[in-house]
Amino acid sequence: MRARLERDFERFRRALPRDFPDHVRQTYRIALTARYLGLTLPHPIGKGAGQLSLDERQLAEDARAGLAFTVLKTVIAEDAAGTQTMAAWASPETRMRVERRLAADGRSGWTVTWKGRGWHRSLAAYLALVRAGRDLTRAGALLVVPSVKYHLPRLAEAFREDEYRHTTAQLAAAWRDPPLLLEKDFSPTLAGDPLAADRDQILRWLREVPGRIRAAAPCATRLAVKLMNARFDDAFQIAMTAACPDADALVCFNRLFDPEQGVAYGGWDLSERNLRVLDGVPPTRRGLCGTGDIGSGRMILAYARRGCESVQLHTFFQLPLSEYPATHGSRPERALHALVFHPRDGLVAGVLDLEADGTLERRDGELHFLDLATRAHQPR
Ligand SMILES: Cc1cc2nc3c(=O)[nH]c(=O)nc-3n(C[C@H](O)[C@H](O)[C@H](O)COP(=O)(O)O)c2cc1C
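Residues numbered from 1 in each chain as written. Predicted model: local features only at pLDDT ≥ 70, side-chain atom pairs only at ≥ 80, totals over all residues. Heavy atoms only, no water.

1. Some remarks on the packing of helix α5 (residues 161–175) against helix α7 (residues 199–216)
At step 1: With their axes 8 Å apart at the nearest point, α5 and α7 run at an angle of 55 degrees to one another. In terms of their interaxial angle, α5 and α7 are classed as oblique. Every pair of crossing elements has a handedness; the one defined by α5 and α7 is right-handed. Packed against α5, whose contacting residues are Glu 161, Tyr 164, Arg 165 and Thr 168, the element α7 presents Val 209, Arg 212, Ile 213 and Ala 216 at the interface. (Axes fitted to C-alpha atoms, helices over the stretch in contact; angles between N-to-C directions. Helix = DSSP H or I, 4+ residues; strand = E, 2+ residues; numbered from the N terminus. Parallel < 35°, antiparallel > 145°, perpendicular 65-115°, else oblique. Left-handed = near helix turned anticlockwise from the far one by under 90°. Contact = heavy atoms within 4.5 Å.)

This is the structure we're talking about:
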């Protein structure tokens, strides 16, 4: 199998097989089947919201590459008159820099440095993108999920329900057939904002926002809450995961915030913090989706072993072409090639290692990616 993997890695440098999860199943007897928002996916690798999911061309490229899902750039909620209480997050794009970042322990990783925030074009333009995503989803080509930042009040203030209602109704109309799938973003720039300096205020948002969204939605809604890394200790981060038990999925956890540079960042510090916190999340918490510094199959498995049923990447889809071992194809396609087939650090190699050390066992002759999350959910 190892020799076969070396050969596959070499020959797929030019192009992946059309249905690579099926190839992995037939060749290695590994089921990469994964889950996000309660939906079954052919494999666990999706794209997190950001500048790589802003238009239809990017979605078509993701579908062609074979990503399991793509989360659209985060739109800022508004009321019927177009008022956005969170307008500070609808700022225009600035130049992005993909660069190395040294972690506290000296390891060199990748980060994207950027001072932009959410979607800054009109809600109408966003809805057109949602409709394109809906069509890809219906066609079975790519699961596409919109992302929203809704109004977050200070403790003494009320929620702007008109913004919740108007934006959710517009998204539901664009999506058409229920359930509406939605990710709610609590972003790193929010973590860096004075709004998020108060623990009780953050916990109130997490407790109340899922209910507000559901109450505002005109149809059944499956909701993922993407948690920021708050500027507090690990115990508080774990408390955040416990504060929204009725979210269908928790995306753990968005980038760290560097108060000196005033920017969000990733790299090894991010994966280290996220994995450490996930170690402390009670096994009863289902529906976890990992994000943060994922650049290898081994890192996907590290998140899976802590209960994540799928992952969403961003930075790894933005690296210089010279960083991918593939010689042809779009960045998502080259990324998948490395993530799945790398003979040492890929998903297939990592799953075979877990079989060899007794962590995973075959059922009916197959190894199952989702068994890792299931094991993590068993009482410790
Ligand atoms: C330039 C940039 C823009 C991003 N914009 C969003 C966003 O609009 N909404 C969101 O939920 N996450 C956003 N993210 C976070 C990513 O989706 C991802 O969760 C995070 O970067 C951690 O994964 P990574 O280390 O693979 O990049 C953004 C990240 C970057 C680098």
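Structure shown, so let's carry the discussion forward.
2. Notes on the site of the ligand
At step 1: Around the ligand, the surrounding shell holds 20 residues, and the nearest of these are Ala 49, Lys 73, Thr 74, Asp 293 and Thr 315.
At step 2: Between the ligand and Lys 73 there is a distance of 2.8 Å, counted from an oxygen atom to a side-chain nitrogen or oxygen.
At step 3: Measuring from an oxygen atom of the ligand, one finds a side-chain N or O atom of Thr 291 at 2.8 Å.
At step 4: In the complex, 96% of the free accessible area of the ligand, which totals 600 Å², lies under the protein chains. (Near = heavy atom within 4 Å. Polar contact = N/O pair within 3.5 Å; in protein donor to acceptor, adjacent residues only side chain to side chain. Areas by Shrake-Rupley, 256 points an atom, 1.4 Å probe, with all protein chains shown as cover.)

3. Here's the deal with the packing of helix α2 (residues 20–28) against helix α11 (residues 331–341)
At step 1: Following both chains from N to C, one finds α2 and α11 inclined at 20 degrees, their axes separated by 12 Å at the closest point. The angle between the axes of α2 and α11 places the two elements in the roughly parallel class. Read as a crossing pair, α2 and α11 show a hand that is right-handed. Here Phe 20, His 23 and Val 24 of α2 lie close against α11, whose contacting residues are Leu 336, Val 340 and Phe 341.

4. Re the pairing of strand β7 (residues 108–113)
At step 1: The buried count for β7 comes to five of six residues, which makes it a mostly enclosed element.
At step 2: Pairing geometry for strand β6 (residues 97–102) and β7, over six bridges, is antiparallel. Bridged to Arg 101 within β7 is Gly 109.
At step 3: The turn linking β6 back onto β7 is made up of five residues, and Gly 106 within it adopts a positive phi angle of 95 degrees. (Buried < 20%, exposed > 50% of the residue type's maximum accessible area, 1.4 Å probe, protein only. Pairing = 2+ DSSP bridges.)

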